[in-house]
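Here is what each chain is made of, one letter per residue.
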Amino acid sequence: MSSLVLLALLAAPPGADEILKRAQVAVLGETATYTLRMTVSRPGKSERVVEMKGWKKGDDLGLVRYTSPPKERGTAYLRNGGSTWLYLPAAEKVVRVGAKQNFGGGDFSNGDVFRLSLTKDYAATLAGEETVDGQACWKLELKARDRSVAYDRVVYWVRTDGTFFPVRADYYTLSGRRLKWLTSAEVGRIGGRQRPTLLTMESALETGARTLLKFLTIDDGVPLDDRLFTPSALEKGE
Amino acid sequence: MTPLLAIAFRNLLRAKRRTLLSGGPMVLGSGALVLGSGLSDGIARQLTDSLVAVQTGHLQVVARPLDFQPQNSPFDAYGLDRIPGATELARRIEREGKEHGVVRAVPFLYGRGTAIAGNRTSLASVIGIDPAREPELQRAQVVQEGTFLPPGDDTAVYIAAPMARKLRLSVGDSVSFVVQTPQGAVNSLDAIVCGVFRKGAPWHDNGFYVSLTAAQTLFDWPGDGTNVKVTLADGSASRARRLRPLLERIAAEGPAPDPKTTLRVETFEEAGRFSFSIIQANRTALAILSSFLFAAAAVGIVNALLMSVHERTREIGTIRALGMRQRSVVRLFVLEGFALGIVSAVVGVALGGAGVVYLGWRGIPMNTITLAWMAGGDHLYPILRATNVLSAGGAIALLSTLAALYPAHVASRLEPREALHHV
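Residues numbered from 1 in each chain as written. Chains lettered and ligands numbered in written order. Predicted model: local features only at pLDDT ≥ 70, side-chain atom pairs only at ≥ 80, totals over all residues. Heavy atoms only, no water.

Counting secondary structure elements, chain A contains five helices and 13 strands. Along the first, second and third principal axes, the C-alpha atoms of chain A reach 70 × 40 × 35 Å. Contacts in chain A between residues far apart in sequence, at least 24 positions, make up 47% of those at least 6 positions apart. Total accessible area on chain A is roughly 11400 Å²; 52% of this is exposed by carbon and sulfur atoms. Between the mean site of the 35 positive side-chain charges and the mean site of the 29 negative ones, chain A shows a separation of 3 Å. (Helix = DSSP H or I, 4+ residues; strand = E, 2+ residues; numbered from the N terminus. Contact = heavy atoms within 4.5 Å. Areas by Shrake-Rupley, 256 points an atom, 1.4 Å probe, with all protein chains shown as cover. Lys, Arg positive; Asp, Glu negative; His and termini not counted. Charge placed at Lys NZ, Arg CZ, Asp CG, Glu CD.)

And the structure:
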């Protein structure tokens, strides 16, 4: 009898919070440096491609510097706690920007890139299992803990195969309208382990608008000094 | 008419060419003054009417940050912070202010976001209004297509013609708004275009009018607003200033705003500093232009009358020899200046006035962005005021009279004996 209980416990899926926590670090570790290429697509317009280098420490510290194209090189975004800053090298100015403003003219918001701490901001419940893009997934219903969180509701699909790779996330507004969705269809070996390497955000309102984030390199676990994530460091450059 | 004045008029007719040459600049000057005043008043009226009807009313209650610094922008008039219970505050102002000349007090909610239609997006000013109680706004934002916002319809949106073009929207099309609520969440509203309004002041091009309830839901501020617009029976600035303490008392008795903000009662002049700075700049420019016109006309008159004295030296000698006193010679030449001024002023203001009436009827296209910002619209309609006609005409007549003093003095100093020998 006791072995049956033990088997049942072993077969039971992890709790919603545990799934969420594991999925959060599936792409980038707690601390990481990375390079990525962002491609912004708008119907009828040529694609905008930007390459950047980023640093991340926990949920609240993040820094991204553009490395190309040359005319945008040096542009940088910094997230420290509840504030986000933008550095424009041409103007030699650091300006504070909203976390919900779009990041680099694409479909990701600054908050999406630097801080969307799902575990802190949302109460998660397991809503069942579904197959998404051919992958068996847990479906998590995330409800914002308060009305200051960007997206009132997020539906999150995470692979059940033990990798905890996020497959898709749908973001909803307060009024219940789906605003955009994120997919991570491509998985590759990068930075010493398998992980999703291509994230695509598509707008549910603006027809044909989408933004791709392709990770080129990732280095997890690199010790980073907190002083890197300050507005004064932002101006000094790398 | 005194005999001297009759002689003065006759002298003007005797030397038609000289009269024409000296009167011409004054005709042009007085005409230009009337036209300039008409343009300046037209701009002032357009900016003030638009400000009062669309944004501030004659007085407004608005929540301002404690460290609020106006940016000299037309958007300064809008509040960005919450007036708690704005709807109830408006009701109280209307009820208690009725006997003091308050015609209407209406709340509205102003916020910023993004408008999305198909694959087109634009920055948007989303303004939640109570359409049944905004007759002035309805008149100012003239329907070009469809209808004004229907009362009670929380899915309708009324948009500006330039925005309709930009987003390729027509009546019946749907448009979505995405905003960040003041608390931080992202929210959206799907609406159907009920009407398109004609382009007016360029800063209203991004305006999307929705029902107050829809805006309150969108920005997650139920029952609240950013401004309470108060319309008075007597819309003068002095009346607005006198009524301010009453509104301040009523506002202070309502729910307290966020501690980082304070409720302020502003007259339309205070709230619309941007518009009044344009009006003031125009008036200053007109004053400078007028002074140059006056100076040029004065020089012309002095010159023409000195020539007249020179040409009529023998004549002056004769009338002096016949016993005319020096004082009478002065009077004669001053009256000639006065007569020239009167005739020039009448012709000038008639031409200038006709120009103002014509342009006021046709409108002057303000084709560039700068001009449209300066005039508060894509057309400028000058206005003719009696005070402008009288002051321009009076000023030219006075100038002409004063400018004649020196030549008159020169003429009176001529010795009859020498003057009679003048060739």
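Residues and elements named next belong to chain A. Burial of strand β5 (residues 83-88) is extensive: five of the six residues sit out of reach of the surface. By the bridge criterion, five bridges tie strand β4 (residues 76-80) to β5 in an arrangement that is antiparallel. The residue of β5 that forms the bridge with Asn-80 is Ser-83. Where β5 folds back onto strand β6 (residues 93-97) in an antiparallel hairpin, the turn is made up of four residues, including Glu-92, whose phi is positive at roughly 50°. (Buried < 20%, exposed > 50% of the residue type's maximum accessible area, 1.4 Å probe, protein only. Pairing = 2+ DSSP bridges.)

So, about the packing of aromatic side chains. All names here are of chain A. According to the stated counting rule, one finds 16 aromatic pairs over all chains in the structure shown. Arranged with centres 6.4 Å apart and planes meeting at 40°, the rings of Tyr-66 and Tyr-77 form a pair that is tilted. Placement of the pair is Tyr-66 in strand β3 (residues 61-68) and Tyr-77 in strand β4, with a sequence separation of 11 residues. By relative accessible area, Tyr-66 is classed as buried at 3%. (Phe/Tyr/Trp six-rings, centres within 6.5 Å; stacked < 30°, edge-to-face > 60°.)

A few words now on the domain arrangement of chain B. All names here are of chain B. In terms of domain boundaries, chain B breaks down into domain 1 (3-50 + 276-420) and domain 2 (82-226). Taking the mean C-alpha position of each, domain 1 and domain 2 sit 50 Å from one another. If you look at the interface, domain 1 gives seven residues, while domain 2 gives six residues. When domain 1 packs against domain 2, the two sides together hide about 540 Å² of surface, and 68% of this comes from carbon and sulfur. Counting the surface domain 1 buries against domain 2, the share from its top three residues, Ser-50, Trp-373 and Asp-378, is 64%. Residue assignment for the side of domain 1 that touches domain 2 shows that the elements contributing at least two residues are α2 (16-56) and α12 (369-375). (Domains from an automatic or database assignment. Buried area = accessible area lost by both parts, 1.4 Å probe.)

With an omega dihedral of 5°, the bond running from A:Ser68 to A:Pro69 counts as a cis peptide bond. Residue position: A:Pro69 is located in the loop between β3 and β4. Positioned with a positive phi, B:Asn72 is a non-glycine residue whose angle comes to about 55°. Here B:Asn72 is to be found in the loop between β1 (59-65) and α3 (86-97). A relative accessible area of 45% places B:Asn72 in the partly exposed class. A positive phi is found at B:Arg168, a non-glycine position, where the angle reads about 55°. Tracing the backbone through its elements, the reader meets B:Arg168 in the loop between α5 (161-166) and β6 (174-180).

Our focus in this paragraph is the environment of B:Arg18. Residues and elements named next belong to chain B. Among the structural elements, Arg-18 can be located in helix α2. A residue is classified by how much of its surface remains accessible, and Arg-18, at 18% relative accessible area, is buried. Each C-alpha atom, one on Arg-18 and one on Leu-305, is 8.9 Å from the other, the two residues being 287 residues apart in sequence. Setting aside anything within four residues of it in sequence, one finds Arg-18 in contact with Asn-11, Ala-304, Ser-308, Glu-311 and Arg-312.

Attention now goes to a nonpolar patch on the surface. On the surface, a nonpolar cluster with roughly 480 Å² of combined accessible area is contributed by B:Phe338, B:Ile342, B:Val343, B:Val346, B:Val347 and B:Leu351. Mapped onto the secondary structure, B:Phe338 falls in helix α11 (residues 326-362). (Patch = residues over 30% accessible without salt bridge, like charges linked within 9 Å, V, L, I, M, F, W, Y side chains within 5 Å. Salt bridge = Lys/Arg side-chain N within 4 Å of Asp/Glu carboxyl O.)

Let us now look at the interface of chain A and chain B. By convention, interface size is frequently given as the accessible area that disappears when the constituent parts associate. Across the contact, 15 residues belong to chain A and 16 residues belong to chain B. In total, chain A and chain B occlude about 1400 Å² of area from one another, counting both sides; carbon and sulfur atoms represent 54% of this. Of all residues in chain A, A:Arg147, A:Leu174 and A:Leu205 bury the most surface against chain B, accounting for 35% of the area lost on that side. At the boundary of chain A with chain B, the tally comes to two salt bridges. Across the pair A:Arg147 and B:Asp220 runs a salt bridge whose closest N-O atoms are separated by 2.6 Å.

Of note, B:Leu189 is situated in strand β7 (residues 186-197). In this structure B:Leu189 touches B:Asp154, B:Val175, B:Ser176, B:Phe177, B:Val210, B:Ala214 and B:Leu218, once residues within four positions along its chain are discounted.

Attention now goes to the pattern of salt bridges. Counted under the stated rule, the structure contains 35 salt bridges over all chains. One network of salt bridges, in which partners are shared, links B:Arg92, B:Glu96, B:Arg249 and B:Glu253.

Before going further, it helps to spend a moment on the packing of α2(B) against helix α13 (residues 386-403) of chain B. Residues and elements named next belong to chain B. Put simply, α2 and α13 touch, their axes get as near as 9 Å, and they point 150° apart. Taken together, the axis directions place α2 and α13 in an arrangement best described as roughly antiparallel. The element α2 and its partner α13 pack so that their crossing is right-handed. Contact with α2, carried on its side by Met-26, Gly-29, Ser-30, Leu-33, Val-34, Ser-37, Gly-38 and Asp-41, involves Asn-388, Val-389, Ala-392, Ile-396 and Ser-400 of α13 and no other residues of that element. Per-class residue counts for the contact of α2 with α13 are six nonpolar, six polar and one charged. (Axes fitted to C-alpha atoms, helices over the stretch in contact; angles between N-to-C directions. Parallel < 35°, antiparallel > 145°, perpendicular 65-115°, else oblique. Left-handed = near helix turned anticlockwise from the far one by under 90°. Nonpolar A, V, L, I, M, F, W, Y, C, P; charged D, E, K, R; others polar.)

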